[in-house]
Amino acid sequence: MKTLYAADGSDLHPHFGPYFSDGKRRVDYVLAYQIQKPNTVRKPSPKFGENNFIPPLQPKEDPEITAQEHQTDYHEDDKRFRRDEYEENLLETGLELEKDEGSKIPGIGFLKIHAPWHVLCREAEFMKLKMPTKKVYDVKQGGNVVEKVRLFIHKVTAPLHPKVDVSHPHSVKSLSHPFSREKQHLFDLSDKNKFFDSTTRSSIVYEVLKRTRCTKAKYSMVLYSYIPFVVLQLLYEEWASYSVFYKYQPIGLIRKYFGEKVGLYFAWLGVYTQMLIPAAIVGVIVFLYGCATVDENIPSMEICDPRNNVTMCPLCDQACSYWKLVTACGTARASHLFDNPATVFFSIFMALWAVLFMEHWKRRQMRLNYIWDLTGFGEEEEVSVRNVKKNKASPDHSHICLFYLYVFKYNHVLDEKVKLTCSDRLPAYMTTVVMMCLMISVTFAIVFGVILYRISIKAALHMSSYPAARSNIRATVKTTAAIINLIIIIIMDEIYAAIARWLTTLEVPKTDKSFEQRLIFKTFILKFVNAFTPIVYLAFFRGRLVGRPGKYLYVVGSYRMEECAHSGCLMELCIQLCITMLGKQLIQNNLFEIGIPKIKKLLRQRKSEMDTKQEEELNKTLRRHEKDHFLGPFIGLNPEYMEMIIQFGMVTLFVASFPLAPLFALLNNIIEIRLDAKKFVTELRRPIAAKAKDIGIWYNLLRGLSKVAVIVNAFVISFTSDFIPRLVYQYTYSPDGTLHGFTNHTLAFFNVSDFQPGTDPLEPMHLGYKVDMCRYKDYREPPWSTTPYDFSKEFWAILAARLAFVIVFQNVVMLMSDFVDWLIPDIPKDISLQMHKEKILMVELFMKEEQGKRLTMRERNTPQQPRSRPNSHTNCV
């Protein structure tokens with residue numbers, strides 16, 4: 001049996017559609033609850049007589065089993081009485097209810113809710129919902145050059161737009177105003193059934209449910225809004241299908257049926273993905289430049305030249321021996337792909353790109369606010385909603401009836417009678433601070449453990465007797481350590497998310513908004529530290545806390561701190577960033593989102609006594625709300641935002657070491673958009689439509705990351721790469737102004753007789769000669785100097801150049817970013833003009849209304865003049 005849908009998305013047949021049994025009243029919401037199983041015995045209800053019946057005679061049973069059944073019956077009656085009480089309170093608010101306990105889902109009953117017209121008007125006025133009035137006006141487009149260009153681009157890219165795009169402004173727009181029952185004549189109420197759309201109706205009922213008094217109960221049930229998926233097939237074809245990955249999203253349609261908050265998330269994700277296209281193109285060009293110039297790179301050519309017979313000092317104590325510099329040829333050539341002069345330009349480009357992205361999003365957000373009538377939505381609307389929760393909820397029953405729902409397990413609006421002081425909140429705040437510091441310390445300890453793994457496994461591979469194990473020790477250690485870090489990051493992310501929610505719950509925030517902001521902040525701090533601590537270590541600490549031959553730095557006894565390769569740590573940083581980024585996107589973001597729902601569905605099918613064919617037949621006969629009961633709950637947008645914010649950090653913070661990061665992020669986001677769309681359309685219950693005019697605290701996090709990225713990239717270029725040492729050598733120490741001799745310039749001498757006792761390396765049997773002097777990468781005085789092994793003057797010159805570069809790069813790029821920020825207005829000019837025009841029209845509308853009222857009152861208050869009588873005196877002739 002196929003379910004039919006009308007043009008507005010509602011089912012045609014009343015039996016299958018969102019209507020009461022009379023086929024007239026529309027279902028705005030559905031609550032699901034557990035009922036007694038068919039084989040259980042229900043006790044007579046002293047309050048409601050419709051369930052009173054005489055139970056059939058039962059054979060004698062075990063007394064313990066009988067006692068358990070009586071206990072179960074008692075709890076069932078208690079839950080039923082509480083539901084009855086809650087339903088009576090709902091009826092008092094004016095809502096209309098209808099029970100449906102004859103569903104084909106065993107043990108599940110449904111309560112259908114309908115909001116009559118007077119309830120919708122009352123709540124819309126109280127919530128200050130902006131509704132379109134009868135007044136319409138022309139929207140002028142293309143008023144300036146920028147708008148003409150925008151409209152031209154829109155026409156050119158018309159094939160990329162979906163078939164339904166209600167987010168694009170039309171030539172005519174209705175003037176919106178907060179709904180008022182006293183001013184109903186301002187609104188077009190010719191069709192009351194369509195005046196409040198399904199999203200608005202469900203939001204109104206949702207607010208009534210939240211503030212309705214009920215007795216607390218510790219029974220968790222399912223809540224979801226029964227709002228038919230309007231044009232479900234169109235959403236699937238134009239949004240959730242992978243075949244339309246190249247098209248824009250139908251943002252207007254998404255907002256219309258999922259609410260402004262969800263619409264803004266997908267609009268932001270679309271803008272972010274769109275802005276990644278130029279960044280990915282430039283990143284690929286930078287990478288190809290490195291590939292094209294690798295054979296012309298003089299330092300790597302000197303390392304790969306076998307004629308340069310350079311003997312390097314051992315990489316570890318006792319187990320390692322001397323090695324030839326030419327063996328690092330592959331690493332040196334690979335490092336040039338990411339460590340070349342083009343990466344400096346790319347870092348500057350990405351800093352400006354981040355600013356342009358933020359400005360573009362602000363303008364796009366303002367345009368959506370205008371189109372969606374959110375320009376006046378702000379603190380007044382939020383305060384009115386909070387007052388609803390605070391003033392009309394029962395002082396002793398701030399939690400919503402938990403025997404109906406589990407989504408609102410925490411109602412974070414405090415009661416008037418319960419006011420927590422600073423001393424009451426202090427233990428929770430102290431717990432939060434201590435736990436956050438502890439979790440960050442755990443992250444540092446884990447990273448330190450991976451460092452010890454790298455040190456020990458490197459020594460073990462050097463001692464191995466297998467040639468295959470000793471052939472490529474550096475690559476093996478780098479890759480396995482990066483994979484271990486990835487696995488730990490994925491596991492700890494889940495743990496940190498649970499800890500952050502627990503800590504936020506302990507603090508008992510005053511409002512839901514405060515709860516969400518605190519949760520986001522804690523989760524972001526923990527996940528950011530978890531993801532970026534290994535990368536920060538490789539970028540800024542590895543190879544700098546090593547010491548020198550004969551005087552190395554040891555940790556935990558005899559573990560010698562690890563060194564960077566001769567070409568620097570930038571290659572290892574690139575490998576770590578690449579594996580972490582791709583692994584998180586592939587495993588955590590995509591496979592988890594696809595695999596976990598599939599596994600849950602498979603487990604549910606295994607528990608079911610029916611086979612696949614029987615389930616398909618049953619699914620065809622289920623009604624819409626019965627099908628939706630099997631969908632997963634909507635848990636919010638925070639996980640979706642969080643994974644994108646972490647990705648944004650990886651794209652911007654260390655882009656100097658990995659120019660292909662924007663490309664991988666672009667490919668991931670193209671899949672992510674359609675994956676999230678499919679999840680919203682086919683796998684999740686429809687979320688409660690929530691209004692929002694911006695993306696909230698996420699914008700501040702993005703802004704902060706873009707500022708930090710400038711500083712981080714300045715330090716990466718200056719201290720992690722060899723860009724500054726090459727620049728200093730070329731213009732200060734090079735005899736011919738080129739990089740010839742740069743490799744020898746970076747290597748210091750060490751007399752092998754100066755090794756500390758017990759740290760002597762293995763005899764260099766494979767070299768075929770005795771080693772008296774070995775080289776190591778550092779700027780130090782030679783052993784024959786008056787101050788052997790001290791830092792040379794070249795070291796201090798390069799350090800000064802590095803610090804100067806950080807200061808100049810940071811200030812220049814930030815100045816350019818601030819200039820771009822100042823140059824681009826936050827509100828598009830055409831939107832600003834239209835908003836001003838709306839205000840003028842609104843004033844004119846109310847002035848006409850006021851004039852009409854005064855004229856009416858004047859006509860009522862003016863006494864009627866007596867009719868003139870003809871004069872009785874006539875002139876005589």
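Given the structure is predicted, the values throughout are model-derived calculations rather than measurements.

Cut-offs used in this document
- Residues numbered from 1 in each chain as written.
- Predicted model: local features only at pLDDT ≥ 70, side-chain atom pairs only at ≥ 80, totals over all residues.
- Heavy atoms only, no water.
- UniProt positions renumbered as here; feature names shortened; annotations may be inferred.
- Helix = DSSP H or I, 4+ residues; strand = E, 2+ residues; numbered from the N terminus.
- Phe/Tyr/Trp six-rings, centres within 6.5 Å; stacked < 30°, edge-to-face > 60°.
- Buried < 20%, exposed > 50% of the residue type's maximum accessible area, 1.4 Å probe, protein only.
- Lys NZ or Arg CZ within 6 Å of the ring centre and 35° of its normal.
- Disulfide = S-S within 2.5 Å.
- Contact = heavy atoms within 4.5 Å.
- Salt bridge = Lys/Arg side-chain N within 4 Å of Asp/Glu carboxyl O.
- Patch = residues over 30% accessible without salt bridge, like charges linked within 9 Å, V, L, I, M, F, W, Y side chains within 5 Å.
- Areas by Shrake-Rupley, 256 points an atom, 1.4 Å probe, with all protein chains shown as cover.
- Core = buried A, V, L, I, M, F, W, Y, C linked by side-chain atoms within 4.5 Å.
- Axes fitted to C-alpha atoms, helices over the stretch in contact; angles between N-to-C directions.
- Parallel < 35°, antiparallel > 145°, perpendicular 65-115°, else oblique.
- Left-handed = near helix turned anticlockwise from the far one by under 90°.
- Lys, Arg positive; Asp, Glu negative; His and termini not counted.

Q: Mind showing me how you'd approach the UniProt feature "transmembrane region" (unreviewed entry) in the protein chain here?
A: Mapped onto the present numbering, the UniProt feature "transmembrane region" (unreviewed entry) falls on residues 219–236, 265–291, 342–361, 433–455, 476–499, 519–541 and 645–667. The span residues 433–455 is 100% helix and 0% strand, and its two end C-alpha atoms sit 33 Å from each other. Its end C-alpha atoms 16 Å apart, residues 645–667 is made of 65% helix and 0% strand.

Q: Looking at this model, I keep getting lost on the packing of aromatic side chains. Mind explaining?
A: Where two aromatic rings form a pair, the distance of their centres and the angle of their planes describe that pair. One pass over the full model with this rule turns up 45 aromatic pairs. Judged by centre distance (6.2 Å) and plane angle (65°), the rings of Trp117 and Phe195 are edge-to-face. Here Trp117 is found in helix α2 (residues 117–126), whereas its partner Phe195 is found in helix α4 (residues 192–195), with 78 residues between them in sequence. With a centroid separation of 6.0 Å and 55° between ring planes, the pair formed by Trp239 and Phe258 is classed as tilted. One end of the pair, Trp239, is in helix α6 (residues 232–240); the other, Phe258, is in helix α7 (residues 251–258), with 19 residues separating them in the sequence. The burial state of Trp239 is the same as that of Phe258; both residues are buried. Between the NZ or CZ atom of Arg560 and the centre of the ring of Tyr552, over which it lies, the distance is 3.6 Å. Just above the ring of Phe791 sits the side chain of Arg780; from NZ or CZ to the centre is 4.2 Å.

Q: Can you walk me through the state of the cysteines in this structure?
A: Covalent bonding between the sulfur atoms of two cysteines defines a disulfide. Inspection of the entire model under this criterion finds three disulfides. At a sulfur-sulfur separation of 1.5 Å, the disulfide partner of Cys316 is Cys320. A torsion of 90° about the S-S bond marks the disulfide between Cys316 and Cys320 as right-handed. For Cys316, a relative accessible area of 11% puts it in the buried group. Looking at the unpaired Cys578, the closest cysteine sulfur is the one in Cys574, lying at 6.2 Å.

Q: How should the environment of Phe357 be read in this particular structure?
A: Structurally, Phe357 can be placed in helix α11 (residues 341–371). Judged by its relative accessible area of 0%, Phe357 falls in the buried class. As for Phe357 and Leu276, which are separated by 81 residues in sequence, their C-alpha atoms are 9.0 Å apart. Discounting residues that sit within four places of it in the chain, Phe357 has contacts with Trp268, Val271, Tyr272, Met275, Phe648 and Leu702.

Q: Could you clarify how one ought to interpret the environment of Lys112 in this entry?
A: Structurally, the position occupied by Lys112 is in strand β3 (residues 108–114). Residues Lys112 and Glu98, 14 residues apart in the sequence, show an inter-C-alpha distance of 5.1 Å. Not counting residues up to four positions away in its chain, the partners in contact with Lys112 are Tyr19, Phe20, Val27, Tyr29, Glu96, Leu97, Glu98, Asp100, Arg623 and His625.

Q: What should I look at first to understand the pattern of salt bridges in this one?
A: Pairing between side chains of opposite charge can happen when their charged atoms approach one another. Applying the stated criterion across every chain yields a total of 33 salt bridges. A salt bridge links Arg255 to Glu260; the shortest N-O distance between them is 3.1 Å. In this structure Glu260 comes out as buried when scored by relative accessible area, which is 6%. Each of Glu359, Lys362, Arg703, Asp821 and Asp826 takes part in a single network of salt bridges with overlapping partners.

Q: I'm lost on a nonpolar patch on the surface in this one. Help?
A: A cluster of nonpolar side chains, Val149, Phe152, Ile153 and Val156, forms an exposed patch at the surface whose accessible area comes to about 380 Å². Among the structural elements, Val149 can be located in helix α3 (residues 145–156).

Q: Looking at this structure, how should I read α2?
A: Because each turn of an α-helix spans 3.6 residues, side chains separated by three or four positions end up pointing in the same direction. All of the buried residues in α2 are Val119, Leu120, Cys121, Glu123 and Ala124. In this structure, the buried side of α2 is in contact with α5 (198–211).

Q: Got a minute to help me understand the nonpolar core in this structure?
A: For soluble globular proteins, nonpolar side chains are generally found buried alongside one another. With 149 residues, the main nonpolar core has Trp239, Trp268, Tyr272, Trp353, Phe357 and Phe654 as its most contacted residues. With 16 residues, the top contributor of residues to this core is helix α8 (residues 260–292). Excluding residues that lie within four positions of it along the chain, Tyr272 makes contacts with Trp353, Phe357, Met644, Gln647, Phe648, Val651 and Asn669.

Q: Would you mind going over the packing of α11 against helix α25 (residues 793–823) with me for this structure?
A: The axes of two packed helices give the description: the angle between them and the distance between them. Between α11 and α25, the shortest axis-to-axis distance is 10 Å and the interhelical angle comes to 30°. On the basis of their axis angle, the class for α11 and α25 is roughly parallel. Crossing geometry of α11 relative to α25 is assigned as right-handed. Seen from α11, the contacting residues are Val344, Ser347, Ile348, Ala351, Leu352, Val355, Leu356, Glu359 and Lys362; seen from α25, they are Phe805, Phe809, Val813, Met816, Ser817, Val820 and Asp821.

Q: How should the side chain of Lys324 be read in this particular structure?
A: The topology assignment puts Lys324 in strand β8 (residues 323–324). No salt bridge is formed by the buried Lys324; its nearest oppositely charged neighbour, Asp305, is found at 12 Å. Apart from residues lying up to four places away in sequence, Lys324 is in contact with Asn309, Val310, Thr311, Met312, Leu767 and Tyr769.

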